[in-house]
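Overview (structure and organization)
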Amino acid sequence: MPKYSLTTPLGPDRARLNGGLSGARNKTMLTLIGNPRGNYSADCRWPTNKKVLDLIVQKNVGPFKVSGLKPAVETLEVIFAEIRTHEPEIYAVLGTAGMLCCRYVRGSTTSISNHSWGTAIDLTLEGVLDKRGDERAQVGLLAIYKYFNTHSFFWGAAFPTEDAMHFEASEQLIQQWSAQGLFGDRQPPLSDEIFELGDRGPTVKELQELLNHKLGLDLDADGIFGPATRAAVMEFQRERGLPITGALLPAQLDTLAA
């Protein structure tokens, strides 16, 4: 009988499940690691950028074998060892629906999935994949997400469109790895000074809701900064006499919220 793959509602506070961790931005991944390939679609494909390929490893991380970015794979090995020690029954029924997969975020044609760098993994329990977007999570995932958080992996249950099967190296962890030189040449630290095409997360959802309220629009507040959001930002900038860039500075977001 199913036990750990049964689901339960996540509740209204799910956006805060990861504490101070946030999902890694496309800008961060592209700047610090590189572009995995020249084109993307909804289908999984392999990286073609040699710099990225050189960072990819294949390894057994405990319950299964994965292909992914070396520091991400090594961190998963530690996480699963802890789960095996403290949650052996859940460990025994863990599986994966994939890690390295160059594609767009589901439902987007602009935001590159972090699977494209091999820093994200989708998990199954008892052979079952948690349903995306139903505001529920498998009870086994609720029991183990803290082990991922401890090692700075972000749980996708907190995405604007709930994705509880999904765990990824956080924005903070990617920048830490870069500072340690794990991607080759060290890049200068990034500042979070602009919201732009390809971004996603709760701040983007807040932006979309504000644009709808202030401009009388009907954007889908899905938390993905796509072409329609960019067009709405440009309209806001035009109305306020701001440079029309389609990207938003934090100060402009504050103005929009006022």
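Anyway, here's the lowdown on the structure attached to this text. (Residues numbered from 1 in each chain as written. Predicted model: local features only at pLDDT ≥ 70, side-chain atom pairs only at ≥ 80, totals over all residues. Heavy atoms only, no water.)

Here we look at the overall build of the protein chain
Secondary structure assignment for the protein chain yields nine helices and nine strands. A compact globule built from 258 residues would reach a C-alpha radius of gyration of about 18 Å, and the protein chain, at 19 Å, matches this within 12%. Counting only C-alpha atoms and orienting by the principal axes, one finds that the protein chain spans roughly 60 × 45 × 30 Å. When burial is assessed residue by residue, the protein chain has 49% of its 258 residues classed as buried. By sequence separation, contacts in the protein chain at least 24 residues apart represent 62% of the contacts at least 6 residues apart. Per element, the accessible surface of the protein chain, about 11,800 Å² overall, is 52% carbon and sulfur. The distance from the centre of the 26 positive side-chain charges to the centre of the 30 negative ones in the protein chain is 4 Å. (Helix = DSSP H or I, 4+ residues; strand = E, 2+ residues; numbered from the N terminus. Rg over C-alpha atoms; globule rule 2.2 N^0.38 Å. Buried < 20%, exposed > 50% of the residue type's maximum accessible area, 1.4 Å probe, protein only. Contact = heavy atoms within 4.5 Å. Areas by Shrake-Rupley, 256 points an atom, 1.4 Å probe, with all protein chains shown as cover. Lys, Arg positive; Asp, Glu negative; His and termini not counted. Charge placed at Lys NZ, Arg CZ, Asp CG, Glu CD.)

Describing the packing of helix α7 (residues 202-215) against helix α8 (residues 227-239)
Closest axis-to-axis distance for the α7/α8 pair is 10 Å, and the angle between their directions is 50°. With respect to their mutual orientation, α7 and α8 come out oblique. The way α7 lies across α8 gives a crossing that is left-handed. On α8, the residues touching L207, Q208, L211 and L215 of α7 are T229, A232, V233, E235, F236 and E239. Residue classes in the contact of α7 with α8 are distributed as six nonpolar, two polar and two charged. (Axes fitted to C-alpha atoms, helices over the stretch in contact; angles between N-to-C directions. Parallel < 35°, antiparallel > 145°, perpendicular 65-115°, else oblique. Left-handed = near helix turned anticlockwise from the far one by under 90°. Nonpolar A, V, L, I, M, F, W, Y, C, P; charged D, E, K, R; others polar.)

Topic: the layout of surface pockets
In this model, the largest pocket occupies a volume close to 480 Å³. In terms of lining residues, the largest pocket is bounded by 32 residues, among which S22, G23, R25, R200 and G201 are the most central. Mapped onto the lining of the largest pocket, the elements with two or more residues apiece are α1 (26-32), α6 (171-179) and α7. Partitioning the lining of the largest pocket into residue classes produces 11 nonpolar, 13 polar and eight charged. (1 Å grid on protein atoms, 1.4 Å probe; cavity = no way out; pocket = protein on both sides within 12 Å on 5 of 7 lines; lining within 4 Å. Points joined across faces, edges and corners; volume = space filled by probe spheres on them.)

Topic: the packing of aromatic side chains
On inspection of all chains with the given rule, the structure shows eight aromatic pairs. Taken together, a centroid distance of 5.1 Å and an interplanar angle of 40° make the contact between F154 and F159 tilted. Pairwise contacts between aromatic rings join F64, F80, Y145, F148, F153, W155 and F167 into one cluster. Just above the ring of F159 sits the side chain of R200; from NZ or CZ to the centre is 4.1 Å. (Phe/Tyr/Trp six-rings, centres within 6.5 Å; stacked < 30°, edge-to-face > 60°. Lys NZ or Arg CZ within 6 Å of the ring centre and 35° of its normal.)

Comments concerning empty space enclosed by the protein
As enumerated under the stated definition, the model contains one cavity of 30 Å³ or more in all. Lining the largest cavity we find R103, V105, R106, S113, H115, D122, R132, F159, D163, M165, H166 and R200. Partitioned by chemical class, the residues of the lining of the largest cavity number three nonpolar, three polar and six charged.

Comments concerning the environment of S178
Position of S178 among the secondary structure elements: in helix α6. Overall, S178 belongs to the buried group, its relative accessible area being 4%. Separated by 150 residues in the primary sequence, S178 and T28 have C-alpha atoms spaced 9.9 Å apart.

Things to note about the state of the cysteines
For the structure on display, the rule yields one disulfide. Bridging C44 to C101, the disulfide has an S-S length of 1.8 Å. Looking down the S-S bond of the C44 and C101 bridge, the torsion is -90°, so its handedness is left-handed. Residue C44 is found in the loop between α1 and α2 (50-53), and its partner C101 is found in the loop between β4 (94-98) and β5 (120-125); the two are separated by 57 residues along the sequence. A relative accessible area of 53% means that C44 is categorised as exposed. (Disulfide = S-S within 2.5 Å.)

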